[in-house]
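# Summary of the model geometry
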Amino acid sequence: MTQLVWGYLDEYEQERDDILDAVDTVFRSGKLVLGPSVKQFEEEFAAYHGIAHCAGVDNGTNAIVLGLRAIGVGPGDEVITVSNTAAPTVVAIDAVGATPVFVDIHEDTCLMDVGQVESAITDRTRCLLPVHLYGQCADMDAVTAIAGKHGLTVLEDCAQAHGARYRGRLAGTMGEAAAFSFYPTKVLGAYGDGGATITGDAQVDANLRRLRYYGMEQVYHVVETPGYNSRLDEVQAEILRRKLRRLDAYIEARQAIAARYAEALAGTDLVLPRIADGNSHVYYLYAVHHPARDKILAALRERGISLSISYPWPVHRQRGFAHLGYGQGALPVTERSAEQVFSLPMYPSLSRGDQDKVIDALLDVLATM
Ligand SMILES: *Cc1c(COP(=O)(O)O)cnc(C)c1O
């Protein structure tokens with residue numbers, strides 16, 4: 001069953017020669033930290049986005065932490081975001097000493113309801129942090145318009161949206177900075193942890209490079225605290241270089257799998273993903289909703305199919321964030337989505353046969369609900 005979730009095992013078998021060659025290239029170079037592969041990957045990832053700068057970091061969470069600090073967000077500031085995200089989005093806001101402020105989401109796309117942002121702005125608000133959830137972009141025209149009107153910065157959480165487009169523009173090119181994760185399951189995944197923050201602003205990029213390198217601009221001389229050791233690993237960078245060349249092919253494969261799900265499940269009462277106007281969706285996840293979610297998942301488990309939920313608990317209802325003071329019902333659409341959402345297997349190497357097994361089992365189970 002695990003192979004239906006961890007698609008990178010199949011991918012490794014298909015790409016093994018290239019991946020091992022990447023590892024060997026770095027090991028033989030003798031340059032193991034911040035060497036040529038990180039530098040070239042940064043250039044290539046920036047070029048893919050048509051943006052000036054990219055700083056490789058150690059994971060997606062720290063891409064947000066350093067990104068926030070690099071654009072001037074810190075203790076006492078408020079950052080407006082959503083609660084239906086991978087908790088690291090919010091962990092990162094908290095880690096810089098800022099306060100996360102949540103707005104609700106659109107029921108049909110599960111993306112930030114930007115119409116609620118203005119009423120959440122206070123005199124401490126510093127930054128808007130939209131999450132391009134499941135593989136499509138939040139309404140960035142509306143986000144940047146509000147940011148401009150109120151003098152706020154924008155950091156995009158692109159951990160699930162490598163290569164996604166909003167009105168023709170790539171995710172990550174619409175705010176002051178954007179954070180990416182290369183966690184193995186992501187649309188562009190490393191063979192371990194990795195992340196990057198991209199920006200069009202040379203000063204923000206300089207800040208990122210200093211922060212990831214202990215707060216040093218030059219070796220052995222700290223110019224800023226707190227600093228971090230938050231570098232992208234050289235081996236992961238070389239693997240990511242190889243995989244970046246295949247990113248568009250990965251996305252096409254995900255879109256083809258999504259199209260098959262959509263066709264096969266169209267006649268059911270499962271609520272399928274909706275693509276927001278002007279978006280192209282890269283399907284990091286194929287997230288569906290059903291009021292009888294828990295019963296469906298239990299019935300599928302009996303048939304040997306174990307599906308995952310992204311995410312079962314909205315961040316504002318998690319114990320570690322209880323101090324933020326959001327009670328039950330504070331974000332009704334977010335909370336309802338968390339009770340009804342689940343994900344169908346989605347990764348580029350998912351075979352037709354495995355996809356059919358999931359579809360057939362799901363059709364069977366839905367017929368009994
Ligand atoms: C995966 C993810 C992160 C965190 O990335 P890591 O590399 O696991 O630290 C942050 N935000 C979102 C939306 C994610 O999906």
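The structure presented is a predicted model; accordingly, all values stated were derived computationally and were not measured. (Residues numbered from 1 in each chain as written. Predicted model: local features only at pLDDT ≥ 70, side-chain atom pairs only at ≥ 80, totals over all residues. Heavy atoms only, no water.)

### Brief notes about the overall build of the chain
Our working rule: Runs of E in the DSSP output that reach at least two residues are strands. Runs of H or I that reach at least four are helices, and both are numbered from the N terminus. Throughout, radius of gyration means the C-alpha value; the globule benchmark is 2.2 Å times the number of residues raised to the power 0.38. Throughout, a residue-residue contact means that at least one pair of heavy atoms, one from each residue, lies within 4.5 Å. To be clear on the numbers: accessible area is Shrake-Rupley with a 1.4 Å probe, and residue cover counts the displayed protein chains and nothing else. Only four residue types enter the charge count: Lys and Arg as positive, Asp and Glu as negative, with His and the chain ends excluded. We put the charge of a Lys on NZ, of an Arg on CZ, of an Asp on CG and of a Glu on CD.
Looking only at helices and strands, the chain features twelve helices and 14 strands. In terms of overall size, the chain behaves like a compact globule, its C-alpha atoms giving a radius of gyration of 20 Å where 369 residues would be expected to give roughly 21 Å. Expressed along its principal axes, the backbone C-alpha trace of the chain runs to roughly 65 × 55 × 35 Å. Taking all contacts inside the chain whose residues are at least 6 apart in sequence as the whole, residues at least 24 apart take part in 70%. Carbon and sulfur atoms provide 50% of the accessible area of the chain, an area that totals close to 15,300 Å². Across the chain, 33 positive and 47 negative side-chain charges occur, with their mean positions spaced 2 Å apart.

### Some details on helix H7 (residues 202-211)
Since there are 3.6 residues in each turn of an α-helix, residues three or four apart along the chain are aligned in direction. The condition is simple: Residue exposure (1.4 Å probe, protein chains only): buried if accessible area is under 20% of the type maximum, exposed if over 50%, otherwise partly exposed. Distance and chemistry together define a polar contact, namely a pair of N or O atoms within 3.5 Å, with one atom able to donate a hydrogen and the other to accept it when in protein, and with adjacent residues in sequence counting only for side-chain atoms on both sides.
Burial in H7 covers these residues: Val204, Asp205, Asn207, Leu208, Arg210 and Leu211. Close packing links the buried residues of H7 with strand S1 (53-57), helix H3 (60-70), strand S8 (177-181), strand S9 (195-199) and strand S10 (216-218). The backbone nitrogen of glutamine 203 has a side-chain oxygen 2.8 Å away, supplied by the residue at the start of H7, namely aspartate 201.

### Regarding helix H2 (residues 36-49)
Note the cut-off: Multiplying 1.5 Å by the helix residue count minus one yields the expected span of that helix. Here the arc refers to the directions that run from the helix axis out to each C-beta atom.
The first and last C-alpha atoms of H2 sit 20 Å apart over 14 residues, in line with the 20 Å expected at 1.5 Å per residue. Along H2, the positions that sit buried rather than exposed are Ser37, Val38, Phe41, Glu42, Phe45, Ala46 and His49. The buried residues of H2 all sit within an arc of 160° when viewed along its axis, so they share a single face. Of the exposed residues in H2, the ones pointing more than 90 degrees away from its buried face are Lys39 and Ala47.

### Some points on the nonpolar core
Our working rule: Nonpolar cores were defined as sets of buried Ala, Val, Leu, Ile, Met, Phe, Trp, Tyr and Cys residues, with membership established by side-chain atoms within 4.5 Å. Where each domain begins and ends follows an automated or database-derived domain assignment.
Membership of the largest hydrophobic core comes to 79 residues, with the highest contact counts inside it found for Phe41, Phe45, Val117, Leu128 and Phe182. Take this core: its biggest share by element is six residues, from H3. Here this core gathers at least three residues from each of two domains, domain 1 (3-104 + 111-244) and domain 2 (247-368). Membership of the second largest hydrophobic core comes to 25 residues, among which are Leu265, Leu300, Leu307 and Phe342.

### Side note on the site of the ligand
The condition is simple: Residues are counted as near a molecule or strand when any one of their heavy atoms sits within 4 Å of it.
Taken together, 14 residues are adjacent to the ligand, and Gly60, Thr61, Gln160, Ser181 and Lys186 come closest. Take glycine 60: an N or O atom from its main chain is 2.7 Å from an oxygen atom of the ligand. In this structure, serine 181 approaches the ligand through a side-chain N or O atom, which is 2.6 Å from an oxygen atom. Those elements giving two or more residues to the shell around the ligand turn out to be H3 and helix H4 (88-95).

### Describing the sheet that holds strand S6 (residues 165-166)
Here is the rule: We call two strands paired when DSSP finds no fewer than two bridges between them.
In space, the three strands of this open sheet follow the order S7-S6-S12, with antiparallel pairing throughout. The open sheet terminates on both sides in strands that have one partner only, identified here as strand S7 (169-170) and strand S12 (279-280). By the bridge criterion, two bridges tie S6 to S12 in an arrangement that is antiparallel. Bridge pairing in S12 links arginine 165 to serine 280.

### Describing the UniProt feature "modified residue: N6-(pyridoxal phosphate)lysine" (unreviewed entry) in the chain
Note the threshold: UniProt positions are given in the numbering used here, feature names are shortened, and annotations may be inferred rather than shown by experiment.
Summarizing the sequence annotation, UniProt attributes the feature "modified residue: N6-(pyridoxal phosphate)lysine" (unreviewed entry) to Lys186 in the numbering used throughout. You can see lysine 186 is positioned in the loop between S8 and S9.

### Points about the packing of H3 against H4
Let me state the cut-off plainly: Helix axes use the C-alpha atoms of the stretch in contact, all axes being lines fitted to C-alpha atoms, and the angles between their N-to-C directions lie in the range 0 to 180 degrees. The hand of a helix crossing depends on one turn: near helix anticlockwise from the far one by less than a right angle means left-handed, and clockwise means right-handed. Ten residues, namely Ala, Val, Leu, Ile, Met, Phe, Trp, Tyr, Cys and Pro, are considered nonpolar, four, namely Asp, Glu, Lys and Arg, are considered charged, and the remaining ones, Gly among them, are considered polar.
Viewed as axis vectors pointing N to C, H3 and H4 meet at an angle of 35°, and their least axial separation amounts to 8 Å. Considering only the axes of H3 and H4, their crossing is right-handed. In contact with Thr61, Ile64, Val65 and Leu68 of H3, H4 contributes Pro88, Thr89, Ala92, Ile93 and Ala95. Here the contact of H3 with H4 is built from residues that sort into seven nonpolar, two polar and no charged.

### Section: the sheet that holds S1
Pairing in this open sheet of seven strands is mixed, and the strands run S1-S9-S8-S5-S4-S2-S3 from one edge to the other. Strands with a single pairing partner mark the edges of an open sheet, and in this sheet they are S1 and strand S3 (99-103). Strand-to-strand twist in this sheet, taken as the mean axis angle between neighbours without regard to direction, amounts to 25°. Of the strand pairs in this sheet, strand S4 (residues 125-128) and strand S5 (residues 153-157) are connected by two bridges, and their pairing is parallel.

### Quick word on the packing of aromatic side chains
The line we're drawing: Stacked, tilted and edge-to-face are the three classes applied to pairs of Phe, Tyr and Trp rings, where Trp contributes its six-membered ring and a pair requires centres within 6.5 Å; stacked means planes under 30 degrees apart, edge-to-face means over 60, and tilted covers the rest.
Scanning the model with the defined rule gives nine aromatic pairs in all. Between tyrosine 213 and tyrosine 214 the ring centres are 5.1 Å apart and the planes differ by 50°, which places this aromatic pair in the tilted class. Classification of tyrosine 214 by relative accessible area gives partly exposed; the value is 33%. Taken together, a centroid distance of 4.9 Å and an interplanar angle of 35° make the contact between tyrosine 261 and tyrosine 286 tilted. In this pair, tyrosine 261 is assigned in helix H9 (residues 247-265) and tyrosine 286 in strand S13 (residues 286-289), connecting sequence segments 25 residues apart. A residue is classified by how much of its surface remains accessible, and tyrosine 261, at 0% relative accessible area, is buried. Among the aromatic residues, ring-to-ring pairing joins Phe41, Phe45, Phe180 and Phe182 into one connected group.

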